[in-house]
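# Remarks on the overall topology
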Amino acid sequence: LSSATKTVLGCNSHIYALQEVNASYWIKKKIEQTLRKVDYEAQWAHTPIRPNVGGDRANSALTTASFVNKTIKHTDIAANDQDEVVTQLRDTARWKELVVPTSSGSPIFIVCLYCYSGANQDSALMKLNENLLALASTRMYMFRKIPHFICCDANVVLLKSDTLSNMSNNPNFSNLFPFVC
């Protein structure tokens, strides 16, 4: 994982959004050590407490993260937010939000969001995805005057998702890249 982390960081981006990170406490510490050597820091999504089966090394949790260059000022405004929408998003461990300033000083949100794989074939997963996307959309609406850049793997075909279809038909949303399944 360390060499993969170094390869990704070779792309010279200021912020990286990672999805489906399956890392135990010790692997996260190893990643953080690698990042420090190249002036980045990890911003991990909240990981819900899960039963500790097989000791801490075996207690990994699927989560999302952002790797941020230390020269970029950023704020995690949701870290201690007790809003119901934020709490629900945070507790999924599938959402991480940072606020960063643009070169002009205006803030933008950088959000990493990943939905549930297999939702196209599983109605229960599709329902979870729709809820997750709706929560993220609601969160964006709370700060509608501030642009949001969402790095998202929706794991669904656009036409099968009512939420994504509604978002794509709304003039307040833009899709920079096509939805790919």
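As a starting point, this report considers the structure included with it. Only a predicted model underlies this, so the values are computations on that prediction, with no experimental measurement involved. Throughout this document, residue positions are counted from 1 along each chain, in the order its sequence is written. In keeping with the predicted nature of the model, local features appear solely for residues at pLDDT of at least 70, side-chain atom pairs appear and are counted solely at 80 or more, and the whole-chain, interface and lining totals rest on all residues. Note: side-chain values were computed over all heavy atoms of the structure, leaving out hydrogens and water.

To continue, consider the overall build of the protein chain. Helix and strand content of the protein chain: five helices and six strands. Only DSSP runs of H or I covering at least 4 residues are called helices, and only runs of E covering at least 2 are called strands; the numbering of each starts at the N terminus. Beginning at the N terminus, the succession of helices and strands in the protein chain can be written as α-β-α-β-β-α-β-β-α-β-α. Residue burial is assigned from relative accessible area. The probe radius is 1.4 Å, only protein chains are included, and a residue is buried under 20% of its type maximum, exposed over 50%, and partly exposed in between. For the protein chain, buried positions account for 38% of its 181 residues.

Before going further, it helps to spend a moment on the pattern of salt bridges. When a carboxyl oxygen of Asp or Glu lies within 4 Å of a side-chain nitrogen of Lys or Arg, that pair is called a salt bridge. Taken as a whole and judged by the stated rule, the model has four salt bridges. A salt bridge links D81 to R139, with the shortest nitrogen-to-oxygen separation between them at 3.6 Å. Taken together, the residues span a long stretch of sequence, with D81 in the loop between β3 (61-69) and α3 (84-92) and R139 in helix α4 (residues 123-142) at a distance of 58 residues. Given the relative accessible area of 22%, D81 is considered partly exposed.

Excluding glycine, a negative phi dihedral is what most residues carry, and trans is how most peptide bonds are arranged. Phi is positive for A93, which is not a glycine, with a value near 60°. The residue A93 is located in the loop between α3 and β4 (95-101) in this model. Judged by relative accessible area, A93 falls into the buried class, the value being 0%. One non-glycine residue, N155, lies in the positive phi region at around 60°. The residue N155 is located in the loop between β6 (148-153) and α5 (162-168) in this model.

Here we take up the packing of aromatic side chains. Any aromatic ring pair is given by two values, namely how distant the centres are and how the planes are angled relative to each other. Working definition: a ring pair exists when centres of Phe, Tyr or Trp rings (six-membered ring for Trp) sit within 6.5 Å. Plane angles under 30 degrees give stacked, over 60 give edge-to-face, the rest tilted. Taken as a whole, this structure holds three aromatic pairs when the rule is applied. Measuring from centroid to centroid gives 4.9 Å for Y25 and W26, while their planes differ by 85°, and the two rings are edge-to-face. The class for W26 is partly exposed, based on a relative accessible area of 45%. Taking 5.0 Å as the distance between ring centres and 45° as the angle between the ring planes, the aromatic pair formed by F109 and F143 counts as tilted. On the criterion of sequence distance, the pair formed by F109 in strand β5 (residues 107-114) and F143 in the loop between α4 and β6 is long-range, its members being 34 residues apart. Its relative accessible area of 1% is what places F109 among the buried residues. On the accessibility criterion, F143 (26% relative accessible area) is partly exposed. As a reminder, the over-ring test applies to NZ of lysine and CZ of arginine, requiring each to be within 6 Å of the ring centre and within 35 degrees of the ring normal. Positioned above the aromatic ring of W44 is the side chain of K28, whose terminal nitrogen or guanidinium carbon lies 5.2 Å from the ring centre.

Time to look at the environment of E32. Residue placement: E32 occurs in helix α2 (residues 25-37). With 35 residues separating them along the chain, E32 and F67 place their C-alpha atoms 9.2 Å apart. Contacts are assigned to residue pairs that have any heavy atoms within 4.5 Å of one another. If we skip the residues at most four places from it in the chain, E32 touches A42 and W44.

Nothing here speaks to function; it is all geometry.
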